[in-house]
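Structural overview for review
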Amino acid sequence: MRESVQAEVMMNFLVSEELSFRIPVELRYEARDPYAVRLTFHLPGDAPVTWAFGRELLLDGINKPCGDGDVHIAPTDPDELSDVHLRLQVGGDRALFRASAAPLVAFLDRTDRLVPLGQERNLGDFEEHLDEALDKILSESRQNEQNAG
């Protein structure tokens, strides 16, 4: 059985209203951590930065503004499925990205075929490794804060 889903999408890193550039972003979903997706941003001149957040947040953010805390996702036009804004924040530092919704939807569809939404708890070993998965996510979050600071 396949254990993970990966994709690469191009996103616009919106530095300011006048300046943006395209960057590759790796999307990864693993059955052993069925609630989370990981996005690894490859910014020019910097080491890759990985963010982990809820798969459901990404799905919801394609259709309507959502997110609390460090991750906010919203469609650029709520009336049509076109582009999505993804805002990441660590302390006072923010990064804004724009991505086409289509490859995100295709990625989420593939994750749903691996682990259907709402069926995450039915994975036999997930409950056993929940603490390990949470520690990993928190560790990645702390590492992101250190890299940003």
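Heads up: the structure comes first, above all this text.
Below or above, wherever it landed, is the structure these notes cover. Predicted model, so just to flag it, every value in this text is computed and none were measured.

Quick look at the side chain of T40 now. By the secondary structure assignment, T40 is in strand β3 (residues 36–41). One polar contact links T40 to T50, side chain to side chain, over a distance of 2.8 Å. Sequence-distant contacts of T40, that is, excluding residues within four places in its chain, are made with P24, V25, E26, P48, V49 and T50.

As a further point, take the nonpolar core. M11, L39, F41, F53, L86 and F97 are the most contacted members of the largest nonpolar core, which has 34 residues in total. No other element matches helix α2 (residues 101–114), which puts five residues into this core. Leave out the neighbours within four places in its chain, and F41 touches M11, I23, P24, V25, P48, V49, W51, L86, L88 and F97.

Scanning all chains against the criterion turns up six salt bridges. For the salt bridge of D83 with R98, the shortest nitrogen-to-oxygen distance reads 2.8 Å. Taken together, the residues D83 in strand β6 (residues 83–90) and R98 in strand β7 (residues 93–100) connect sequence positions 15 residues apart. The exposure class assigned to R98 is partly exposed, which follows from its relative accessible area of 31%. Residues D109 and R113 are paired through a salt bridge, measuring 2.7 Å at the closest nitrogen-oxygen approach. With D109 and R113 both in helix α2 and four residues apart, the pair spans about one turn of that helix. R113 gets classed as exposed once you look at its relative accessible area, which sits at 58%. Salt bridges sharing partners connect three or more residues here, namely R28, E30 and R32.

The sheet built from seven strands is open, its strands ordered β4-β3-β2-β1-β7-β6-β5 with antiparallel pairing. Strands with a single pairing partner mark the edges of an open sheet, and in this sheet they are β4 (49–54) and β5 (71–75). Within the sheet, the average angular offset between the axes of one strand and its neighbour, ignoring direction, is 30°. Bridge analysis of β6 against β7 gives eight bridges, and the strand direction is antiparallel. Pairing of V90 across the sheet is with D93, part of β7. Relative to the sheet, helix α1 (residues 55–63) contacts β2 (20–30), β3, β4, β5 and β6, its axis offset from that of β5 by approximately 35°. Along the sheet, α2 contacts β1 (4–14), β2, β3, β6 and β7; its crossing angle with β1, the most-contacted strand, is approximately 160°.

So, about the pairing of β6. A regular strand places its side chains on the two faces of the sheet in alternate fashion. In the sheet, β5 pairs with β6 via five bridges, with the strands oriented antiparallel. Each bridged residue has a counterpart across the sheet, and for P75 the counterpart in β6 is V84. Here β6 folds back onto β7, and the loop between the two strands holds two residues, one of which, G91, carries a positive phi near 60°.

Reading the values: rules and limits
Residues numbered from 1 in each chain as written. Predicted model: local features only at pLDDT ≥ 70, side-chain atom pairs only at ≥ 80, totals over all residues. Heavy atoms only, no water. Helix = DSSP H or I, 4+ residues; strand = E, 2+ residues; numbered from the N terminus. Polar contact = N/O pair within 3.5 Å; in protein donor to acceptor, adjacent residues only side chain to side chain. Contact = heavy atoms within 4.5 Å. Core = buried A, V, L, I, M, F, W, Y, C linked by side-chain atoms within 4.5 Å. Buried < 20%, exposed > 50% of the residue type's maximum accessible area, 1.4 Å probe, protein only. Salt bridge = Lys/Arg side-chain N within 4 Å of Asp/Glu carboxyl O. Pairing = 2+ DSSP bridges. Axes fitted to C-alpha atoms, helices over the stretch in contact; angles between N-to-C directions.

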